[in-house]
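Chain by chain, the residues run as shown.
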Amino acid sequence: MKSDSKFFKNSNSMPVDRFFQNVLYDKKNGYYNTKNPLGAKGDFITAPKISNLFSEMIAVWMVSIWEIFGKPKNLNIIELGPGDGSFIKVLLQVSKRFPEFDIAKKIYLFEKSKFLKQKQKRNINNKNIVWVKNFDNIKKGPVIFFGNEFFDAIPIKQFKRERKILFEKYYTFQRNFEIKETFKKASKQDIKMINSYKILKGLNFIEFPKIGINELNKIVKKILSLNGCILIIDYGYIKPNNLDTIQSVIKHKKNHIMKNLGKADITSHVNFSLLKEFFLKNSLIVNKTITQKDFLENMGIKNRAEIISKKMSFREKSDLYLRLKRLLSPKLMGNLFKVFLAHNLKETNYHGFK
Ligand SMILES: C[S@@+](CC[C@H](N)C(=O)[O-])C[C@H]1O[C@@H](n2cnc3c(N)ncnc32)[C@H](O)[C@@H]1O
């Protein structure tokens, strides 16, 4: 497939994660820095954009976690990759119903895209929210990290194992303007890293979220020093199965991953067992990963829908229940999306994770 070289900076050949990092986050041409990907007019839609009820359930969950923490006077909530800020808008509304929580909470947003940061600022319009590039200035009180569809958006590495030798996949820009898949022997450091994960043993095609793990290392450090947890909601799997899960979407339709570079979204499925192994290695406790359907139902999303729908017109009610179906149906988002929690507190009976 013919392409142009603008995402091959300084090199004609680069590992899959570095190439897609340029495609998605290049300051000038990157997908996330040039357009708003979210919503009906964008390329894909996420749970906070489908229904406010989703965000309400997460917000109430955060209040219950703050109670488990013993209602500390300072609570830090850090949203990872806040998109257009939809979740935070709902969190601020819910928070007002819990005055003590409202005073205690401090909200931080961790966002890589300058374009989306501006959008979030306009959309949320609240002076008390702080955008951060790292977590160094968060010093007092426990932390709740939350990321919805954050990890699927962070490029991953891909490897194949042949006759016990590990090769890393690269993309190489050729003279005829085609991008070709090539393989190079994996670095010693990457071999060591991959061999340290039991879940990856025996696979002949391996996906590894090295950039994502780098982000998580900073998060773990923060949780271990201040106490707290991380809640991750994303699409993904429990058992890796030699599959290439990188996918591209444009205007709500599947797209060839090399087509519309910089104009289409590129993601991969999250390996939740790998995340579990990572957090356990780092001395955190990991709850059983559950489906989005189970989590939202445990949090009472259906009761809430019933209550708010009482005053709705027939049309509004149908719309609400259609949206709920999209979030909960096992055939739609209900099963594919998983809810993952890692923390360092003795309490394991977390609301939502029955
Ligand atoms: C798929 S969107 C999800 C947006 C939002 N959470 C939602 O559910 O609507 C991914 C978000 O993560 C951000 N992001 C991706 N990689 C990031 C990184 N390494 N650091 C900070 N933000 C990142 C993107 O810019 C975007 O805001």
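Our subject is the structure that appears above.
Rules used throughout
Residues numbered from 1 in each chain as written. Predicted model: local features only at pLDDT ≥ 70, side-chain atom pairs only at ≥ 80, totals over all residues. Heavy atoms only, no water. Pairing = 2+ DSSP bridges. Helix = DSSP H or I, 4+ residues; strand = E, 2+ residues; numbered from the N terminus. Axes fitted to C-alpha atoms, helices over the stretch in contact; angles between N-to-C directions. Near = heavy atom within 4 Å. Polar contact = N/O pair within 3.5 Å; in protein donor to acceptor, adjacent residues only side chain to side chain. Areas by Shrake-Rupley, 256 points an atom, 1.4 Å probe, with all protein chains shown as cover. Nonpolar A, V, L, I, M, F, W, Y, C, P; charged D, E, K, R; others polar. Core = buried A, V, L, I, M, F, W, Y, C linked by side-chain atoms within 4.5 Å. Buried < 20%, exposed > 50% of the residue type's maximum accessible area, 1.4 Å probe, protein only. Contact = heavy atoms within 4.5 Å. Lys, Arg positive; Asp, Glu negative; His and termini not counted. Salt bridge = Lys/Arg side-chain N within 4 Å of Asp/Glu carboxyl O.

**Observations regarding the sheet that holds strand E12 (residues 253-255)**
So, point 1. Pairing is antiparallel in the open sheet, where 3 strands are placed in the order E12-E11-E13. Looking at which strands have only one partner, the edges of the open sheet turn out to be E12 and strand E13 (265-267). Sheet twist, expressed as the mean angle between neighbouring strand axes with direction ignored, is 40°.
So, point 2. Where strand E11 (residues 247-250) lies against E13, 3 bridges are found, and the strand directions are antiparallel. Following the sheet pairing, Gln 247 is matched in E13 by Thr 267.

**Comments concerning the site of the ligand**
So, point 1. Near the ligand lie 21 residues; those nearest to it are Tyr 25, Thr 46, Gly 81, Glu 111 and Asn 148.
So, point 2. The contact in question runs from a nitrogen atom of the ligand to an N or O atom on the backbone of Gly 81, over 2.7 Å.
So, point 3. Here Asn 148 contributes a backbone N or O atom positioned 2.7 Å from a nitrogen atom of the ligand.
So, point 4. Contact with the protein chains hides 98% of the accessible area of the ligand, taken as 600 Å² for the molecule alone.
So, point 5. Of the residues belonging to the shell around the ligand, the class tally is 11 nonpolar, 5 polar and 5 charged.

**Describing the nonpolar core**
So, point 1. Formed by 51 residues in total, the largest nonpolar core has its most connected members in Ile 58, Trp 61, Met 62, Ile 88, Phe 295, Leu 327 and Phe 353.
So, point 2. The dominant element in this core, judged by the number of residues it contributes, is helix H4 (residues 52-68), at 10 residues.
So, point 3. Among all residues touching Ile 88, those that are not within four sequence positions of it are Glu 79, Ile 107, Leu 109, Ile 124 and Ile 129.
So, point 4. Counting residues in hydrophobic clusters, the runner-up holds 40 residues, among them Leu 166, Ile 206, Val 270 and Leu 274.

**Side note on the side chain of Glu 207**
So, point 1. Position of Glu 207 relative to the elements: it lies in strand E9 (residues 205-208).
So, point 2. One buried charge, Glu 207, has no salt-bridge partner; the nearest side chain with opposite charge is Lys 169, at 7.1 Å.
So, point 3. Reaching out from Glu 207, the side chain makes a polar contact with the side chain of Gln 158 at a distance of 2.8 Å.
So, point 4. Side chain to side chain, Glu 207 and Thr 245 meet in a polar contact 2.7 Å long.
So, point 5. Apart from the residues lying within four places of it in its own chain, the contact partners of Glu 207 are Ile 156, Lys 157, Gln 158, Leu 200, Tyr 237, Leu 243, Asp 244, Thr 245 and Ile 246.

This is a description of form; function is not addressed.
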